[in-house]
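Spelled out, the chains give:
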Amino acid sequence: AQSVTQLDSQVPVFEEAPVELRCNYSSSVSVYLFWYVQYPNQGLQLLLKYLSGSTLVKGINGFEAEFNKSQTSFHLRKPSVHISDTAEYFCAVIQRQGGADGLTFGKGTHLIIQP
Amino acid sequence: DAGVIQSPRHEVTEMGQEVTLRCKLISGHNSLFWYRQTMMRGLELLIYFNNNVPIDDSGMPEDRFSAKMPNASFSTLKIQPSEPRDSAVYFCASSFGRNQPQHFGDGTRLSIL
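Notes on the structure in this doc start here. Predicted model, so just to flag it, every value in this text is computed and none were measured. (Residues numbered from 1 in each chain as written. Chains lettered and ligands numbered in written order. Predicted model: local features only at pLDDT ≥ 70, side-chain atom pairs only at ≥ 80, totals over all residues. Heavy atoms only, no water.)

**Comments concerning the overall build of chain A**
Condition: Numbering of helices and strands starts at the N terminus; helices are DSSP runs of H or I of at least 4 residues and strands are runs of E of at least 2. Computation of the radius of gyration draws on C-alpha atoms, with the globule rule given as 2.2 Å multiplied by the number of residues to the power 0.38.
Helix and strand counts for chain A come out as zero helices and twelve strands. Helices and strands in chain A line up, N terminus first, as β-β-β-β-β-β-β-β-β-β-β-β. Over its C-alpha atoms chain A spans a radius of gyration of 14 Å, differing by no more than 12% from the 13 Å that the globule rule assigns to 115 residues. Over its C-alpha atoms, taken along the principal directions, chain A stretches across nearly 45 × 30 × 20 Å.

**Remarks on the interface of chain B and chain A**
Under the convention used in this document: Any two residues whose heavy atoms approach within 4.5 Å are treated as being in contact. Once two parts are put together, the accessible area they lose, assessed with a 1.4 Å probe and summed over both, is termed the buried area. Think of a salt bridge as a Lys or Arg side-chain nitrogen and an Asp or Glu carboxyl oxygen that are within 4 Å of each other. Residues are grouped as follows: nonpolar covers Ala, Val, Leu, Ile, Met, Phe, Trp, Tyr, Cys and Pro; charged covers Asp, Glu, Lys and Arg; every other residue, Gly included, is treated as polar.
Counting residues at the interface gives 21 residues for chain B and 24 residues for chain A. Of the roughly 1700 Å² buried between chain B and chain A, counting both surfaces, carbon and sulfur atoms make up 52%. Contact with chain A buries area across many residues of chain B, yet Leu-43, Arg-98 and Asn-99 of chain B alone supply 33% of it, more than any other trio. For the interface between chain B and chain A, the tally reads zero salt bridges. Among the elements of the structure, strand E4 (31–38), strand E5 (42–50) and strand E6 (53–56) of chain B are those that each provide at least two residues to the side of chain B that touches chain A. Of the residues forming the side of chain B that touches chain A, the biggest block, four residues, is contributed by E5 of chain B. Partitioned by chemical class, the residues of the side of chain B that touches chain A number ten nonpolar, five polar and six charged.

**Regarding the layout of surface pockets**
In plain terms, the rule: Of the grid points, spaced at 1 Å and generated over the protein atoms alone, those admitting a 1.4 Å probe that cannot get out make up cavities, while open sets with protein on both sides within 12 Å along at least five of seven lines make up pockets; any residue with an atom within 4 Å of a point is treated as lining. Grid points are joined across faces, edges and corners, and a volume is the space filled by probe spheres set on the points.
For the largest pocket, the calculated volume is near 710 Å³. As for the largest pocket, its lining consists of 28 residues, and the residues nearest its centre are Gln-38, Glu-88 and Phe-90 of chain A together with Gln-37 and Met-39 of chain B. Looking at the lining of the largest pocket, the elements that each hand over two or more residues are strand E10 (87–95) of chain A together with E4 and strand E9 (88–95) of chain B. Here the residues of the lining of the largest pocket are counted per class, giving eight nonpolar, 14 polar and six charged. Roughly 160 Å³ of internal volume is contained in the second largest pocket.

**Quick word on the pairing of strand E11 (residues 108–112) of chain B**
Residues and elements named next belong to chain B. The line we're drawing: Burial here depends on accessible area, computed with a 1.4 Å probe over protein chains only, as a share of the maximum for the residue type. Under 20% is buried, over 50% is exposed, and the range in between is partly exposed. Any two strands with at least two DSSP bridges between them are considered paired.
What you see with E11 is a clean split: Thr-108, Leu-110 and Ile-112 sit on the buried side and Arg-109 and Ser-111 on the side with no burial. With four bridges joining them, strand E2 (residues 10–13) and E11 adopt parallel strand pairing. Bridge assignment links Thr-13 to a residue of E11, and that residue is Ile-112. Here three bridges tie E9 to E11, and the two strands are oriented antiparallel to one another. Each bridged residue has a counterpart across the sheet, and for Tyr-90 the counterpart in E11 is Thr-108.

**So, the sheet that holds strand E7 (residues 65–71) of chain B**
Residue and element names in this part refer to chain B. How we decide: Interaxial angles span 0 to 180 degrees and are taken between N-to-C directions of axes, which are lines fitted to C-alpha atoms, for helices over the stretch in contact.
The antiparallel open sheet is built from four strands, whose spatial order is E1-E3-E8-E7. Edge strands, defined here as strands with exactly one partner in the open sheet, are strand E1 (5–7) and E7. Each strand of the sheet is rotated relative to its neighbour by a mean of 15 degrees, with strand direction disregarded. For strand E3 (residues 19–24) and strand E8 (residues 74–79), the ladder comprises six bridges, and the chain directions are antiparallel. Note that in E8 the partner of Lys-24 across the bridge is Phe-74.

Here you go:
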C-alpha cells in the first residue's frame, strides 16, 4: 500500500512571491507521481506528472516539481504566484505495477494568495 | 473535445431516498474511477472499472453503494437508501489505462438531509 503526506493544510503567500508545496510519499514499490489543482466548485485538473526520465518536471501555469527518490518527495514549486493560483492542490501517487488501482491522494494544501 | 461529464452537479434529497449519479467518460478512455471527497477524509477511491469491468470495489463503503458501467462511455453510482453521512462531493475520472493521468469531471455535490 502507498500513502501521501501533504504536511501543510494551508499556505498563505503574497502575490508574486515564490511558493513551495510539500509532498512526501510512502510506497514499497515504484510509483508514478502527480499534482492536481482544484479550483472552487470544480473537479481536479492535472498540473504535472512524473512517470520516468528527468526528475524535474514542468507543468501548466508555470508550476514545476522535482522527484527526489531518496527523500521520497515530490514538492511543487512556482517562482512567482498570481491571485488566480488560489486553489487546493493535491499530490497523488499510483503504483507502477500491480497493487491497488486508482490514485492515492494527499489531504490537499490550500494555497492562499494575498494581494 | 468534451471532458468527463457528470450529472447532476448538485443533488439535495432526504434520507432514505435513492440517489443516482451519472458519468460520461472521455471518448477513447477505457478506465473509469469514482471518488468521494469530504473534509474529514479527503479524496477516496470508491471503485475502478477497466474496459467496463469492475476491478477494485474495496473502497465502496457498504452494500448501499453500487456502481455500473452499462457501456464503454457511461457509468452510474447509486446509493440506496441514502444517509446523511453520504453527503460529499462525488467525482468521476477517466483515463486511457490505469496509470495514465486521470481526467476529472466537475463533480456532483450531494447533500442528504
